[in-house]
Amino acid sequence: MITRRGLMLVLSSPSGAGKTSISRKLLEREDELSMSVSVTTRPRRPGEVQGRDYLFIDPTEFQLMANRNELLEHAKVFGNYYGTPRGAVEEALAAGKDVLFDIDWQGTQQLAANARQDLVSVFILPPSTRELERRLRTRAQDSEEVVAQRMAKAADEISHYPEYQYIVLNDDIAASVEKIRAILHAERLKRERLVGLPDFVRGLQDGSGD
Ligand SMILES: Nc1nc2c(ncn2[C@@H]2O[C@H](COP(=O)(O)OP(=O)(O)O)[C@@H](O)[C@H]2O)c(=O)[nH]1
Ligand SMILES: Nc1ncnc2c1ncn2[C@@H]1O[C@H](COP(=O)(O)OP(=O)(O)O)[C@@H](O)[C@H]1O
């Protein structure tokens, strides 16, 4: 029969453009998609749950994981370390499940270097700079200084958009979620991801397939 390899769906954007909100809604609607929960040395925000939003760890532990090659990719973002634990991702992909990543351009480049054929990358743009700043403020979980730091970095992050396969402008969140679902559904049908296809087709051609 035909089965398929799981794919890695990566969402990147400047901070505040909506990756986290979009990811939550995608996970509610897509059964065969699971979130890659990153490790980070950043302090936990109010409302964030250990093990759901991130695994919050200290820098020594992070270094140990990196040294033991337990991270699929890792990077320093806004002065903190972030990384993707390797085990959960590899298990999901082997079982033919798709994995969703909320990671930055540095992490995306590392995944592309190691597994380009399994990667589907989406860059999310905010409708305007003004709206990006409004979203960062209304999230109201970061200090004024952190908001300013993230705004200062936004142009830098946005400059990496040409490295992504798909672009979604996140104006209306429900529409953005549907666009990313459409990308996911089409990518699942890519010939290259299908396992057992040549045998199946041979059966059709020689009449042995029933
Ligand atoms: N490379 C990499 N980047 C990550 C990882 N986890 C989160 N990030 C990125 O780190 C940046 C900061 O994330 P976060 O502190 O949650 O802030 P937010 O994006 O403003 O909610 C974002 O660009 C995330 O996509 C990871 O495991 N690896
Ligand atoms: N399309 C949208 N329209 C209006 N507000 C949005 C939209 N998408 C996200 N937001 C809001 O913007 C803020 C930042 O979104 P979030 O998902 O935390 O961004 P990111 O994970 O990219 O930093 C949150 O308060 C969220 O509710």
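Quick note: structure is the one above.
This text gives an overview of the structure that appears in the document.

Thresholds, definitions, all that
- Residues numbered from 1 in each chain as written.
- Chains lettered and ligands numbered in written order.
- Predicted model: local features only at pLDDT ≥ 70, side-chain atom pairs only at ≥ 80, totals over all residues.
- Helix = DSSP H or I, 4+ residues; strand = E, 2+ residues; numbered from the N terminus.
- Rg over C-alpha atoms; globule rule 2.2 N^0.38 Å.
- Buried ≥ 20, exposed ≤ 12 C-beta atoms within 10 Å, placed from the backbone.
- Contact = placed C-beta atoms within 7 Å.
- Near = placed C-beta within 6 Å.
- Nonpolar A, V, L, I, M, F, W, Y, C, P; charged D, E, K, R; others polar.
- Pairing = 2+ DSSP bridges.
- Axes fitted to C-alpha atoms, helices over the stretch in contact; angles between N-to-C directions.

1. Some thoughts on the overall build of the protein
Step number 1: Regarding its fold elements, the protein presents eight helices and eleven strands.
Step number 2: The C-alpha radius of gyration of the protein comes to 19 Å, within 12% of the 17 Å expected for a compact globule of 210 residues.
Step number 3: Counting only C-alpha atoms and orienting by the principal axes, one finds that the protein spans roughly 70 × 40 × 30 Å.
Step number 4: Looking at the 210 residues of the protein, the share that counts as buried comes to 27%.
Step number 5: Pairs at least 24 residues apart make up 70% of the contacts formed inside the protein by residues separated by at least 6 positions.

2. Some points on the site of ligand 1
Step number 1: Taken together, 17 residues lie around ligand 1, and Ser15, Ser38, Ala75, Tyr82 and Gly107 are the ones closest in.
Step number 2: At the level of elements, strand 6 (71-77), strand 7 (80-85) and helix 4 (105-115) are the ones that each hand at least two residues to the shell around ligand 1.
Step number 3: Class assignment for the residues of the shell around ligand 1 results in four nonpolar, nine polar and four charged.

3. Some words on the sheet that holds strand 7
Step number 1: A sheet is described by the order of its strands in space; here four strands give the open sequence 5-4-7-6, paired in mixed fashion. Looking at the sheet topology across the chains shown, the edges are occupied by strand 5 (55-56) and strand 6.
Step number 2: In this sheet, strand 7 lies alongside strand 6 in antiparallel orientation, the contact comprising six bridges. When the bridges of strand 7 are listed, Lys76 appears paired with Tyr81.
Step number 3: Contacts between helix 2 (residues 59-67) and the sheet are confined to strand 4 (39-40), strand 6 and strand 7, with strand 7 contributing the most and set at about 40 degrees to the helix.

4. Remarks on the sheet that holds strand 9 (residues 119-125)
Step number 1: Across the sheet, which stays open at both edges, the five strands sit in the order 3-8-2-9-10 with parallel pairing between neighbours. Two strands in the sheet have a free side with no partner beyond their single neighbour: strand 3 (33-35) and strand 10 (166-169). Going across the sheet, the axis of each strand differs from the next one's by a mean of 25 degrees, ignoring polarity.
Step number 2: Two elements, strand 2 (residues 8-12) and strand 8 (residues 98-102), share four bridges in a ladder whose sense is parallel.

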